[in-house]
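Now for the letters of each chain:
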Amino acid sequence: MPRTLAIFLISITIISGGCIRNTSSAGGLEAAVNELGRDRYETPGDILTPFLKQAEKANKKLFLVFGWKGCSWCRRFEQYHEDSDVREILDKYFIIINIDIKKSQACEDLYKTYGNPGTPSWAILDPGRNVIADSDNLKDGTGNVGYPLKAEEVEYYKAALKTSRPLITDLELTVLAEKLITYGTVKNEK
């Protein structure tokens, strides 16, 4: 593991109580590491500050994924995001952060702010902390898509990605949809 990435992950683990894991590629992390020493973390949302700065600098959006260790669908969503084809596409447009909501009060508070009832839950933020899209497909707090597997959930997920990053191509969205089905229908072995 490159030294910069190791320092960054250790710093985030200390600050966030070990509840946040950046699953995006390591590019640009040095700037975020430098910012860690400059910012004060007075609220749970402040934990996101270095990631938001990194996203803004890289012209990306922040993709928050809320889950916890005992949630099998959360593990499948992590496996999906760790797939090399999925990462190649999503890393162009997003910085993906996995947040374990059971690890600390700060992470639970982030979930209460940006998540939807049920896990997994996800939200895509712009650098100003505005939610561009999230997993609430009914927009009333009762329609958490979670892991998109049913046809209408996959379409909702694709539309959310397209809304937040209009340059994502139809071919890329098709690859992502196929991978969702693959990881959603195989036995969860992790």
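Up top is the structure.
Trainee: Help me understand helix H7 (residues 151-164) in this model?
Mentor: What sets the pattern is the α-helix's 3.6 residues per turn: residues three or four places apart point alike. Between its first and last C-alpha, H7 extends 20 Å over 14 residues, near the 20 Å set by a 1.5 Å rise per residue. Along H7, the positions that sit buried rather than exposed are Glu153, Val154, Tyr156, Tyr157, Lys158, Ala160, Leu161 and Ser164.

Trainee: Could you clarify how one ought to interpret the packing of helix H4 (residues 72-82) against helix H5 (residues 84-93) in this entry?
Mentor: The axes of two packed helices give the description: the angle between them and the distance between them. One way to put it is that H4 packs onto H5 with a least axis distance of 5 Å and a crossing angle of 75 degrees. When the axes of H4 and H5 are compared, the pair comes out roughly perpendicular. Taken together, the residues of H5 that come into contact with H4 (itself represented by Tyr80, His81 and Glu82) are Ser84, Val86, Arg87 and Leu90. For the contact of H4 with H5, a count of residues per class yields three nonpolar, two polar and two charged.

Trainee: Even after reading the chapter, I still don't get the packing of aromatic side chains, so can you show me in this structure?
Mentor: Within a pair of aromatic rings, the relevant descriptors are the distance that separates the centres and the angle that separates the planes. In the structure shown here, the tally under the stated rule is eleven aromatic pairs. A centroid spacing of 5.4 Å and a plane angle of 65 degrees characterise the contact between Phe77 and Tyr147, whose relative ring orientation is edge-to-face. A residue pair is termed long-range when its members are at least 10 positions apart, and Phe77 in helix H4 and Tyr147 in the loop between strand S5 (131-134) and H7 qualify at 70 residues. The pair Phe77 / Tyr147 is uniform in exposure class, with both members buried. By way of ring pairs, the aromatic residues Phe63, Trp73, Phe77, Tyr80, Tyr93, Phe94, Trp122, Tyr147, Tyr156 and Tyr157 are connected into one cluster.

Trainee: Could you clarify how one ought to interpret the pattern of salt bridges in this entry?
Mentor: Oppositely charged side chains can pair when the atoms bearing their charge come close. This structure, assessed with the given rule, holds seven salt bridges. As a salt-bridge pair, Lys112 and Glu108 come within 3.4 Å of each other at their nearest N and O atoms. Here Lys112 pairs with Glu108, and both are found in helix H6 (residues 105-114), just four residues apart, close to one helical turn. Note on Lys112: relative accessible area 56%, which makes it exposed. Residue class for Glu108 comes out partly exposed when judged on its relative accessible area of 30%. The closest approach of N and O atoms between Glu155 and Lys158, which form a salt bridge, is 3.3 Å.

Parameters at a glance
Residues numbered from 1 in each chain as written. Predicted model: local features only at pLDDT ≥ 70, side-chain atom pairs only at ≥ 80, totals over all residues. Heavy atoms only, no water. Helix = DSSP H or I, 4+ residues; strand = E, 2+ residues; numbered from the N terminus. Expected span 1.5 Å × (residues − 1). Buried < 20%, exposed > 50% of the residue type's maximum accessible area, 1.4 Å probe, protein only. Axes fitted to C-alpha atoms, helices over the stretch in contact; angles between N-to-C directions. Parallel < 35°, antiparallel > 145°, perpendicular 65-115°, else oblique. Contact = heavy atoms within 4.5 Å. Nonpolar A, V, L, I, M, F, W, Y, C, P; charged D, E, K, R; others polar. Phe/Tyr/Trp six-rings, centres within 6.5 Å; stacked < 30°, edge-to-face > 60°. Salt bridge = Lys/Arg side-chain N within 4 Å of Asp/Glu carboxyl O.

All we've got here are geometric facts, nothing functional implied.
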